[in-house]
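Structure at a glance
So you can see what is in the structure, the chains are spelled out below.
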Amino acid sequence: VGLNNYLMILADPRFKIALQNTALWTITCVLFAVGGGLIFAAAISFRVYFHRFLRAVMLLPWMLPASAAAIIWRLMIYYPGGLLDSALRAIGLGFLIRGWLSEPYIAVFSMIVVQLWIGTGLQVMILSSGMEGIDPYIYDSAKIDGAGLIQRFIKITLPLMSRIILVSVILTASGAITMFTIPYILGGAGGSIMIQVNTLATLSYQEAFIYHNVGKGFAIAWVMALITFLVILPEMRSIWRRGE
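Residues numbered from 1 in each chain as written. Predicted model: local features only at pLDDT ≥ 70, side-chain atom pairs only at ≥ 80, totals over all residues. Heavy atoms only, no water.

Thoughts on the side chain of Thr228
Inspection of the secondary structure assignment puts Thr228 in helix α13 (residues 214-243). If we ignore the near neighbours within four places in the chain, the residues touching Thr228 are Ser174, Ile177 and Thr178. (Helix = DSSP H or I, 4+ residues; strand = E, 2+ residues; numbered from the N terminus. Contact = heavy atoms within 4.5 Å.)

Quick look at the structure:
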């Protein structure tokens with residue numbers, strides 16, 4: 001059928017919603033998972049007072065399977081009667097209760113929060129490992145010159161971590177672009193809310209295996225693969241340049 005499947009998905013409003021949601025997932029996860037990971041990794045690397053506790057708290061969610069974590073969070077925020085709603089009522093904040101998984105925009109951000117809870121720990125591990133590789137004598141020299149903690153972080157840590165930060169961004173972005181498990185489980189695996197919270201991965205699955213439009217499903221998958229390739233292209237070009 002030539003490019004007909006691609007023309008069909010471009011005209012499909014569900015594809016536009018899925019593309020917007022995927023872009024929102026990617027941008028938010030990169031900003032908060034990598035940005036937050038940098039802050040937490042710096043706290044661990046600089047040995048702040050609670051760094052051991054922080055390391056355990058950040059890594060524990062990442063050790064859970066994504067499907068198990070999604071089911072746990074579904075029990076917490078499922079409306080009505082989820083654990084979060086019960087806790088808000090118990091402390092007199094019942095007016096804050098929302099349809100965490102039933103109102104489209106709130107549902108998308110609820111799912112992103114779950115993904116950040118799961119995925120930030122990996123970025124903390126990657127970034128803190130990179131920071132451990134920085135020669136401590138550089139920091140000691142900076143201290144002698146009067147550089148404070150924030151100055152050392154901005155002037156020393158960030159420049160020396162640039163390549164590792166790029167890898168972290170690429171891993172986070174590619175994972176967000178292909179996100180399937182969290183929206184599939186929290187969205188009800190095909191309920192009416194799924195139309196509004198679909199990502200490219202879940203929409204591809206629905207078209208191919210639920211509606212049996214295999215051509216459209218594969219077209220969406222190819223678009224997703226192309227976007228992922230464009231995201232990892234900077235790192236690939238960097239590797240090629242080093243090889244030269």
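Structure's up, so let's keep going.
Remarks on the packing of helix α4 (residues 66-77) against helix α6 (residues 104-132)
Relative to each other, α4 and α6 sit at 135°, their axes nearing to 11 Å. Classified by the interaxial angle, the pair formed by α4 and α6 is oblique. Two packed elements cross with a definite hand, and for α4 against α6 that hand is right-handed. Contacts from Ala66, Ala69, Trp73 and Ile77 in α4 reach Ser110, Val114, Trp117 and Ile118 in α6. (Axes fitted to C-alpha atoms, helices over the stretch in contact; angles between N-to-C directions. Parallel < 35°, antiparallel > 145°, perpendicular 65-115°, else oblique. Left-handed = near helix turned anticlockwise from the far one by under 90°.)

Describing the packing of aromatic side chains
Taken as a whole and assessed by the stated rule, the structure comprises five aromatic pairs. Here Phe180 and Tyr205 contribute two aromatic rings whose centre-to-centre distance is 5.5 Å and whose plane-to-plane angle is 70°, an arrangement assigned as edge-to-face. Of this pair, Phe180 sits in the loop between α9 (162-177) and α10 (181-186) while Tyr205 sits in helix α12 (residues 200-210), and the two are 25 residues apart along the sequence. Consider the rings of Tyr205 and Phe209, whose centres lie 5.6 Å apart with planes at 40°: the pair is tilted. Of this pair, Tyr205 and Phe209 both sit in helix α12, four residues apart, roughly one helical turn. We classify Tyr205 as partly exposed; its relative accessible area is 27%. Chaining the aromatic ring pairs together yields one cluster made of Phe180, Tyr184, Tyr205 and Phe209. (Phe/Tyr/Trp six-rings, centres within 6.5 Å; stacked < 30°, edge-to-face > 60°. Buried < 20%, exposed > 50% of the residue type's maximum accessible area, 1.4 Å probe, protein only.)

A look at the nonpolar core
In a soluble, globular protein the nonpolar side chains are often hidden away together inside. If you look at the biggest cluster of nonpolar residues, it comprises 25 residues, and the most contacted ones within it are Trp25, Met111, Val114, Ile182, Leu186 and Val197. The set of elements that each furnish at least two residues to this core consists of α2 (13-45), α4, α6, α10 and α11 (194-197). Sort the elements by how many residues they give to this core and α6 lands first, with seven residues. Beyond its immediate sequence surroundings of up to four residues, Val114 is in contact with Trp73, Ile182 and Leu186. (Core = buried A, V, L, I, M, F, W, Y, C linked by side-chain atoms within 4.5 Å.)

Re the side chain of Ser168
Mapped onto the elements of the fold, Ser168 is located in helix α9. Relative accessible area serves as the criterion here: at 0%, Ser168 is assigned to the buried category. Polar contacts involving the side chain of Ser168 include one to the side chain of Gln123, which spans 2.3 Å. Ser168 has contacts with Val34, Gln123 and Leu127, leaving out every residue within four places of it along the chain. (Polar contact = N/O pair within 3.5 Å; in protein donor to acceptor, adjacent residues only side chain to side chain.)

Remember that the coordinates give geometry; whether it matters functionally is a separate question.
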